[in-house]
Amino acid sequence: MHFDFDQDRLLFRDSVRALLSDECTPEALRTLAASESGRSPALWAKLADMGLLGLRVAEAHGGMGLSEVDFVLPLEETGRAGLAEPVVETAAIAAPLLGTLESDARAAQMLPDIAAGKATVTVGHPANAFVSDAHVATSLLLAQQDEIHLVPARRITIEHEPAIDPLRRLFTVEWSPGSDTLLASGPHARALLAAAFDRGAFATAAQQLGVAEKLVETAVAYACTRQQFGQAIGAFQAIKHMLASVAVRIEFARPVVHRAACVVAATADGEASLERAVTVSHAKAAASEAATMAAKAALQVHGAIGYTWEVDLHLWMKRAWSLDLAWGSAAYHRARVADLILDGDAPAPSFGFSGRNP
Amino acid sequence: MEITYTPEQQAFRAEARAWLETHVPREPLRSMDTAAGFEEHRRWERTLNDGRWAMVPWPVEYGGRGANLIEWLIFEEEYWRAGAPGRVNQNGIFLLGPTLMEHGTPEQKARFLPRMAAGDDIWAQGWSEPNAGSDMAAIRATARREGDHYVLNGQKTWCSRAAFGDWLFGIFRTDPNSQRHIGLTFILLPLRSEGVHVRPIAQLDGETGFAEVFFEDAHVPVANRLGEEGDGWKIAMATAGFERGLMLRSPARFQSTAHKLVRLYKNNRNAADPGVRDAVVRGWMEAEAYCLNTYRTASRLIAGGSIGAEASLNKIFWSEMDLNMHEAGLTLLGPRAELMENAPAAGDVGNWLDGFLFALAGPIYAGTNEIQRNVIAERLLGLPRK
């Protein structure tokens, strides 16, 4: 038992943070937001060079062959940076799903392209009303009843659904399943879709932690400089206590997300796993709640200036809202935990207290 | 990163579980805040010590097993799982003990720690004064040096376990010209001695869990000073850190409450207000989160790290969680929620009300949550003091 990250993983996180703080400056994010695609092929290539896109691709397929335990801290950094590229869909969901299906030539072929940044794969899952990043995807994993299809971009038509987050790109996708696009069906497809959902919720939870931290840092920086009544407003207890409450929420969401990383990494995609469902939903609920709480507090600390397009705050604030809705909201996931632990006859699984090895 | 237990850790758990299954009293002990119940709890501490389970992280020479913090958490999990009695000497074993380990002389450790582990000396704490609550640095009780003694005068209050306990630790002003946190000294003294008067105070539940203590020229040997003269504040802060952190409030305590709450929900589901379902699941999730955070902290400490102001995050989290869980429990119990334990229709209601009353104190003791939020804002977030 050692529930903490080793030095290598912290160093990798630091190098991801350094790259993203150079690339995702507020000016760069604003320029991207104003562009039609909202996405940067150059940035995507840099994410591939760093190893992020192929982190969950096996070494045999040109990836790093690492796990969610290695991925969770970099994912937090993508949230902190306000990165909107489809890292969650391509690298955290599609890569492991296609890896599970590597005996299928179409899946095996795509894996090296994902790792090299040549393929962008997004995911249309029943849990989400819209498909993000369908406009830049080279292929899409799309669900249809009990089937998963791998569909090339040329076989879909898309309609843009503008979203409040200026960097989010959501689409309604029209497509027709074909026998040549079918990747998995029946119980196997259901298990893979369940795993994809948990992976999406887990990875988004990690991003929400980064978003929450960034929002608190932004609010603290503002409260240290903004003067009213002859002093920095951060000296007032009303401000201190509000931000301290957010800090508590973040502190106790973080280990929950990190435990989810361990459990997702240790669970095979084909397995039905109560533990994965409970730990991932707990993680998404806790991280989403922390991020939306941070967004509201950061806005309140900024006052009227926070209600403008002019300060950068809104980029992260809106991300907190949009990521809350992606892969199940906090309310959805809390209800899922309730269903799993309150309605069954089995005692609720409990870290440590159950006395069994997770 | 490794979230499974080693075979050694599993064996340690099995050993603790087996011992507790044989030794935990079948019937609950009477309240430790009554004279008779206090002595029953003292006997339980002796039983624990006879099995060498009184304080497993302590070195063998002081009655412990030299266990690391992960094993300590495992022991606590088994302890709460077994429904073992509350620790009447928690001020001693969880707060003063670790402080003595860090700041005590070899003589002091040998003199106090084994008796503490055995329950021979049950400790009370003496921090607050009538005019030094949240503003603890406003302490006025004095200790005047006279030869090889200190002469104590003044008053301490909210001294938990002082009504029936044996010894008290606290900080006193040794430099009469000093202000605030300068000039304070950490002193240990027997409660039943000349010049020391204890007046028990009934708490919300009517029992005397704490007391006020008056000092009138009480003589205490200099050998009972912990650390150097004037270092009292620094040492007291370390003790308070233990109180807010993982020693006093190990996660199993709250996981145990969360499991009881889940059971209570399952048994009362049909009558339950729909809103309480969310409160129950939040309670369970928060107890898990607290556990995970504690394992993370323990892992970090074992690897040579340290904790400072983070203890304030802990204190807010567990105290608010504990209160929320007990409120949810009382909601589930509906009209029975106001019954005392001895009411004929009470069932196990009394425990929830009792737990609720005690949970209400959580945001107050060990430094109010308002003070903790100031600490977080200033020391962790970097907001300005003024």
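Note that this is a predicted model, so its numbers are computed, not measured.

(A) Quick look at the overall build of chain A. Looking only at helices and strands, one finds 11 helices and nine strands in chain A. Its C-alpha atoms give chain A a radius of gyration of 20 Å, near enough to 21 Å, the size a compact globule of 358 residues would have. Here the C-alpha coordinates of chain A stretch approximately 70 × 55 × 35 Å along the principal axes. Out of the 358 residues in chain A, the part that is buried amounts to 54%. Here the analysis covers contacts within chain A between residues at least 6 apart in sequence; of these, 72% occur between residues at least 24 apart.

(B) Seen up close, the overall build of chain B. When you go through chain B residue by residue, the secondary structure sums to 11 helices and eight strands. Since a compact globule built from 386 residues should have a radius of gyration of about 21 Å, the 21 Å found for chain B is in line with a globular shape. Taking all 386 residues of chain B together, the buried fraction comes to 48%. Pairs at least 24 residues apart make up 71% of the contacts formed inside chain B by residues separated by at least 6 positions.

(C) Geometry of helix α1 (residues 7-23) of chain B. Residue and element names in this part refer to chain B. Between its first and last C-alpha, α1 extends 24 Å over 17 residues, near the 24 Å set by a 1.5 Å rise per residue. Within α1, the full set of buried residues consists of F12, R13, A16 and L20. Viewed end-on, α1 has its buried residues packed into an arc of 100°, placing them on one side of the element. Among the exposed residues of α1, those oriented more than 90 degrees off its buried face are P7, A11, A14, A18, E21 and T22.

(D) Molecular detail of the sheet that holds strand β7 (residues 182-185) of chain A. All names here are of chain A. Strand order across the open sheet formed by four strands is β1-β3-β4-β7, with mixed pairing between neighbours. In this open sheet, the two strands that pair with only one neighbour each are β1 (121-124) and β7. Direction aside, the axes of adjacent strands within the sheet are offset by 20° on average. Bridging between β1 and strand β3 (residues 139-144) involves four bridges; their strand directions are parallel. Residue pairing in the sheet places G124 in a bridge with L142 of β3.

(E) Inspection of the interface of chain A and chain B at higher detail. Contact residues are listed per partner, giving 43 residues for chain A and 50 residues for chain B. Among the elements of the structure, α7 (186-225), β9 (231-232), α8 (237-266), α9 (274-302) and α11 (330-342) of chain A are those that each provide at least two residues to the side of chain A that touches chain B. Looking at the side of chain A that touches chain B element by element, the count peaks at 13 residues for α8(A).

(F) Representation of the sheet that holds strand β2 (residues 131-132) of chain A in the model. Residue and element names in this part refer to chain A. Overall, antiparallel pairing links the three strands, which are arranged β2-β6-β5 in an open sheet. Each having just a single partner strand, β2 and β5 (156-161) make up the two edges of the open sheet. Here β5 runs beside strand β6 (residues 170-175); their pairing, made up of six bridges, is antiparallel. Following the sheet pairing, I156 is matched in β6 by W175.

(G) Seen up close, unusual backbone geometry. The backbone of A:Q145 shows a phi angle near 45°, a positive value even though the residue is not glycine. Counting through the fold element by element, A:Q145 comes out in the loop between β3 and β4 (147-152). Look at B:W158: it is not a glycine, yet its phi comes out positive at around 55°. Looking at where B:W158 falls in the secondary structure, it is placed in strand β3 (residues 149-160). A count of 22 C-beta atoms within 10 Å places B:W158 in the buried class.

(H) Summary view of the nonpolar core. Core analysis: the biggest nonpolar cluster contains 227 residues, and A:L215, A:V216, A:L243, A:V257 and A:A294 have the highest contact counts within it. The element best represented in this core is α7(A), accounting for 19 residues.

(I) Summary view of the pairing of strand β1 (residues 123-126) of chain B. Residue and element names in this part refer to chain B. Where burial is concerned, the two faces of β1 agree: the one with W123 and Q125 and the one with A124 and G126 are both buried. As judged from the four bridges shared by β1 and strand β4 (residues 167-173), these two strands associate in the parallel manner. In the sheet register, G126 faces β4, and the bridge partner there is G170.

(J) Representation of α9(A) in the model. Residues and elements named next belong to chain A. For α9, spanning 29 residues, the distance from its first C-alpha to its last is 42 Å, which sits close to the expected 42 Å at 1.5 Å a residue. Of all 29 residues making up α9, 24 are buried, and the element is well covered by its neighbours. Count one or two residues on from α9 and you reach G303, which has phi positive near 70°.

(K) Highlighting the environment of B:T47. Residue and element names in this part refer to chain B. On the secondary structure map, T47 appears in helix α2 (residues 35-50). Look at T47 and you get partly exposed, because 15 C-beta atoms sit within 10 Å. In sequence terms T47 and L353 are 306 residues apart; their C-alpha atoms lie 29 Å from each other.

(L) Focus on the domain arrangement of chain B. Residue and element names in this part refer to chain B. Looking at chain B, the domain boundaries give domain 1 (7-87), domain 2 (123-230) and domain 3 (249-380). Between domain 1 and domain 3, the C-alpha centre-to-centre distance is 22 Å. Taken together, the nine residues of domain 1 in the interface contact nine residues of domain 3.

(M) Geometry of the environment of A:V256. The residue A:V256 is located in helix α8 in this model. Separated by 51 residues in sequence, A:V256 and A:A205 place their C-alpha atoms 9.7 Å apart. Apart from residues no more than four positions distant in its own chain, A:V256 is found in contact with A:H282, A:A283, A:A286, B:A289 and B:L292.

(N) Representation of the confidence of the model for chain B in the model. The predicted model of chain B has a mean per-residue pLDDT of 94, with 99% of residues at 70 or higher. Scoring the predicted complex yields pTM 0.97 and, for the interface, ipTM 0.96.

(O) Geometry of the packing of helix α4 (residues 68-81) of chain A against α7(A). All names here are of chain A. Axis separation between α4 and α7 bottoms out at 6 Å; the angle between their running directions is 45°. In terms of orientation, α4 and α7 fall into the oblique class. Read as a crossing pair, α4 and α7 show a hand that is right-handed. Side by side, α4 and α7 meet where E68, V72, L75, E76, E77, T78, G79 and R80 of the first sit next to F202, A203, A206, Q207, Q208, L209, G210, V211, E213 and K214 of the second. Looking at the contact of α4 with α7 residue by residue, the class counts come to seven nonpolar, five polar and six charged.

(P) Summary view of the pairing of β3(B). All names here are of chain B. Two strands pair when backbone bridges link them, and strand β2 (residues 142-146) and β3 are joined in this way by five bridges, in the antiparallel orientation. When the bridges of β3 are listed, E146 appears paired with H149. Following β2, the chain reverses through two residues before pairing antiparallel with β3; G147 in that reversal takes a positive phi of roughly 65°. Relative to strand β7 (residues 210-221), β3 runs antiparallel, the two being bridged by 10 bridges. Across the sheet, the residue bridging to N153 is E216, located in β7.

Basis of the calculations
Residues numbered from 1 in each chain as written. Chains lettered and ligands numbered in written order. Predicted model: local features only at pLDDT ≥ 70, side-chain atom pairs only at ≥ 80, totals over all residues. Helix = DSSP H or I, 4+ residues; strand = E, 2+ residues; numbered from the N terminus. Rg over C-alpha atoms; globule rule 2.2 N^0.38 Å. Buried ≥ 20, exposed ≤ 12 C-beta atoms within 10 Å, placed from the backbone. Contact = placed C-beta atoms within 7 Å. Expected span 1.5 Å × (residues − 1). Arc of directions from axis to C-beta. Pairing = 2+ DSSP bridges. Axes fitted to C-alpha atoms, helices over the stretch in contact; angles between N-to-C directions. Core = buried A, V, L, I, M, F, W, Y, C linked by C-beta atoms within 7 Å. Domains from an automatic or database assignment. pLDDT = per-residue confidence, 0-100. Parallel < 35°, antiparallel > 145°, perpendicular 65-115°, else oblique. Left-handed = near helix turned anticlockwise from the far one by under 90°. Nonpolar A, V, L, I, M, F, W, Y, C, P; charged D, E, K, R; others polar.

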